[in-house]
Amino acid sequence: MEPLMEDEDYSFREVVLPSLIPVVAEPELERETGERRRGRDVIVAVDHGPNSKHAFDWAIVHFCRLADTLHLVHAVSSVKNDVVYETSQALMEKLAVEAFQVAMVKSVARVVEGEAGKVICKEAERLKPAAVIMGTRGRSLVRSVLQGSVSEYCFHNCKSAPIIIVPGTEAGDESIVDWKRSGDSKP
């Protein structure tokens, strides 16, 4: 079990990702220079919902490039609760393997304690990523305005990176990656 880390504002636990993902050398991109050659840091906010998975799929299919590092961030109520941590760890391991298989990008995962919006903005401030990618919860406009939403909070408060909000899919659990694998065109 990884040690609990405490910053002055929040607690987090790094997720050790599986060794099933082969360690590959940095890609040699002969004609590429600067940021494109080094790769970018990209944050994807994840949870256990289908809209989060859809945003993750969108990120690896449409945004990530070969040399990028995908930072998976999951906000939880308590990182000290082993059941919560192990469930989050299993999710992140699955996503990291999928990111490597589909886009050949490496992943880093972190489970962070606190309110999701604040945690995501704090991680963006720490990493200074090329983008923060997240899904929507799928609430109606009125409900979202009354109750607030994580994506709206990040859109207004995260100043260190552009926020990409991927709308939920009407197809339910079907994802972009599933369309790519099946060879069908998108609906």
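Since the structure is predicted, the reported quantities are computational estimates derived from the model, not experimental observations.

Before going further, it helps to spend a moment on the overall build of the protein. A tally of regular secondary structure across the protein gives seven helices and seven strands. Helices and strands in the protein line up, N terminus first, as β-β-α-β-α-β-α-β-α-β-α-α-β-α. Taken over 187 residues, the protein has a buried fraction of 42%. Counting only contacts in the protein whose residues sit at least 6 apart along the sequence, the fraction spanning at least 24 positions is 79%. Surface summary for the protein: the accessible area is close to 10600 Å², and the carbon and sulfur share equals 51%.

Once that is clear, we can look at the packing of aromatic side chains. Overall, the coordinates contain zero aromatic pairs when judged by the stated rule. Just above the ring of F63 sits the side chain of R40; from NZ or CZ to the centre is 4.5 Å. It is R110 that lies over the ring of F12; its NZ or CZ is 3.6 Å from the centre.

As a further point, take the packing of helix 2 (residues 50–63) against helix 3 (residues 82–103). Relative orientation of the contacting elements helix 2 and helix 3 amounts to 30°, with a least axis distance of 10 Å. With respect to their mutual orientation, helix 2 and helix 3 come out roughly parallel. Where helix 2 crosses over helix 3, the handedness of that crossing is right-handed. Between helix 2, through K53, F56, D57, I60 and V61, and helix 3, the contact on the second element is made entirely by L95, E98, A99, V102 and A103. Each residue belonging to the contact of helix 2 with helix 3 can be placed in one class, and the counts come to seven nonpolar, no polar and three charged.

Before going further, it helps to spend a moment on helix 2. The α-helix winds at 3.6 residues per turn, so residues separated by three or four positions along the chain end up facing the same way. Its 14 residues give helix 2 an end-to-end C-alpha distance of 19 Å, which sits within 8% of 20 Å, the value for a rise of 1.5 Å per residue. Taken together, the buried positions of helix 2 are N51, S52, H54, A55, F56, D57, A59, I60 and F63.

Under the definition given, this model contains seven salt bridges. In this structure, the salt-bridge partner of E125 is K128, at a minimum N-O distance of 2.6 Å. K128 gets classed as partly exposed once you look at its relative accessible area, which sits at 48%. Among the ionic contacts, a cluster of salt bridges with common partners joins K53, D57 and E98.

What counts, and where the lines are drawn
Residues numbered from 1 in each chain as written. Predicted model: local features only at pLDDT ≥ 70, side-chain atom pairs only at ≥ 80, totals over all residues. Heavy atoms only, no water. Helix = DSSP H or I, 4+ residues; strand = E, 2+ residues; numbered from the N terminus. Buried < 20%, exposed > 50% of the residue type's maximum accessible area, 1.4 Å probe, protein only. Contact = heavy atoms within 4.5 Å. Areas by Shrake-Rupley, 256 points an atom, 1.4 Å probe, with all protein chains shown as cover. Phe/Tyr/Trp six-rings, centres within 6.5 Å; stacked < 30°, edge-to-face > 60°. Lys NZ or Arg CZ within 6 Å of the ring centre and 35° of its normal. Axes fitted to C-alpha atoms, helices over the stretch in contact; angles between N-to-C directions. Parallel < 35°, antiparallel > 145°, perpendicular 65-115°, else oblique. Left-handed = near helix turned anticlockwise from the far one by under 90°. Nonpolar A, V, L, I, M, F, W, Y, C, P; charged D, E, K, R; others polar. Expected span 1.5 Å × (residues − 1). Salt bridge = Lys/Arg side-chain N within 4 Å of Asp/Glu carboxyl O.

Taken by themselves, the reported measurements are silent on function.
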